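The primary structure of each chain is shown beneath.
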Amino acid sequence: MKKVLISLTLAALLSSPLAIAKEASSEKQANTAVQFRKAVLQLVRSNMGALGGMAKGKIEYNADVMNTNAMRIEQLALMMGDYFETDTRKFDVKTDADDAIWEQMEDFNSKIQDMVGAAENLQKIALAKDEANYRKTIGALGSTCKACHDKFKTD
Ligand code: HEC
């Protein structure tokens, strides 16, 4: 019985993360959704700053900071699906989000998954104190930002 419950729970967990677009119900709700998703991305930016500095050699290599920031970026990326599921296309909101997000949610979500994976890799490199590969791995994380921005961000 216990085993059955565990596998049911696992099945539910595995099938739940795919976000489905939900239309914002008012301009107020749409504005709040925009505010929240930008806030998540501002936190991503604040954690990416030191990593970018390390990759460029402007900030001293520090495996602890790298691990902490990569962990935060992973957590923030895991929130992005939820924070982007509110479809704000109908409202006049101040956003750089491209309409294509809500037309191609699957692709958007797979780009989020790429970001999660790259942040996980960076944690591994940081924990292993792998000084030969951290620059490349930070670069790989940065290219997941660009891949999504090129397609789904308007400016
Ligand atoms: C899956 C897609 C996706 C990924 C991956 C992604 N972003 Fe973005 N990002 C967006 C979209 C869409 C916006 C526009 C949001 C809006 O204006 O409503 C955005 C906006 C931003 C903003 C501006 C927020 C604001 O206040 O207007 C920053 C900063 C940012 N992203 C940084 C990053 C960094 C750094 C990474 C990688 C570590 C990253 N993003 C990865 C989709 C993504």
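Refer to the structure printed above.
Rules used throughout
Residues numbered from 1 in each chain as written. Predicted model: local features only at pLDDT ≥ 70, side-chain atom pairs only at ≥ 80, totals over all residues. Helix = DSSP H or I, 4+ residues; strand = E, 2+ residues; numbered from the N terminus. Buried ≥ 20, exposed ≤ 12 C-beta atoms within 10 Å, placed from the backbone. Contact = placed C-beta atoms within 7 Å. Core = buried A, V, L, I, M, F, W, Y, C linked by C-beta atoms within 7 Å. Near = placed C-beta within 6 Å. Expected span 1.5 Å × (residues − 1). Axes fitted to C-alpha atoms, helices over the stretch in contact; angles between N-to-C directions. Parallel < 35°, antiparallel > 145°, perpendicular 65-115°, else oblique. Left-handed = near helix turned anticlockwise from the far one by under 90°.

## A word on the overall build of the protein chain
The helix and strand tally for the protein chain stands at six helices and two strands. What you see in the protein chain, going N to C, is helices and strands ordered as α-β-α-α-β-α-α-α. Taking all 155 residues of the protein chain together, the buried fraction comes to 25%. Contacts in the protein chain between residues far apart in sequence, at least 24 positions, make up 78% of those at least 6 positions apart.

## Details of the nonpolar core
Core analysis: the largest hydrophobic core is formed by 25 residues, its most contacted members being Met66, Ile73, Ala77, Ala119, Leu122 and Ile138. Of all the elements in the fold, those that place two or more residues in this core are α2 (27-55), α3 (63-83), α5 (105-127) and α6 (134-152). In terms of residues, this core owes the most to one element, α5, which gives eight residues. Setting aside residues no more than four positions away along its own chain, Ile138 makes contact with Leu51, Met54, Ala55 and Leu122.

## Some details on the site of the ligand
Neighbouring residues of the ligand: 23 residues in total, closest Lys38, Leu41, Asp96, Cys145 and Cys148. Counting only elements with at least two residues in the shell around the ligand, the list comes to α2, α5 and α6. Per-element accounting of the shell around the ligand gives the leading share, eight residues, to α2.

## Some thoughts on α5
Over its 23 residues, α5 runs 33 Å from end to end, which matches the ideal 33 Å to within 8%, given 1.5 Å per residue. If you check which residues of α5 are buried, you get Phe108, Lys111, Ile112, Met115, Ala118, Ala119, Leu122, Ile125 and Ala126. Where α5 ends, the next residue or the one after it, Lys129, has phi of about 50°, a positive value.

## Considering unusual backbone geometry
A positive phi angle is found at Lys129, which is not glycine, with a value near 50°. Here Lys129 shows up in the loop between α5 and α6. Judged by C-beta crowding, with 12 C-beta atoms within 10 Å, Lys129 ranks as exposed.

## Remarks on the packing of α2 against α6
How two helices pack is summed up by the angle between their axes together with the distance between the axes. The geometry of α2 relative to α6 is characterised by a closest axis approach of 9 Å and an angle of 135° between their N-to-C directions. Here α2 lies oblique to α6, going by the angle between them. Regarding α2 and α6, the two cross each other, and that crossing is left-handed. Contacts between α2 and α6 involve Leu51, Gly52, Met54 and Ala55 from the former and Tyr134, Arg135, Ile138, Gly139 and Gly142 from the latter.

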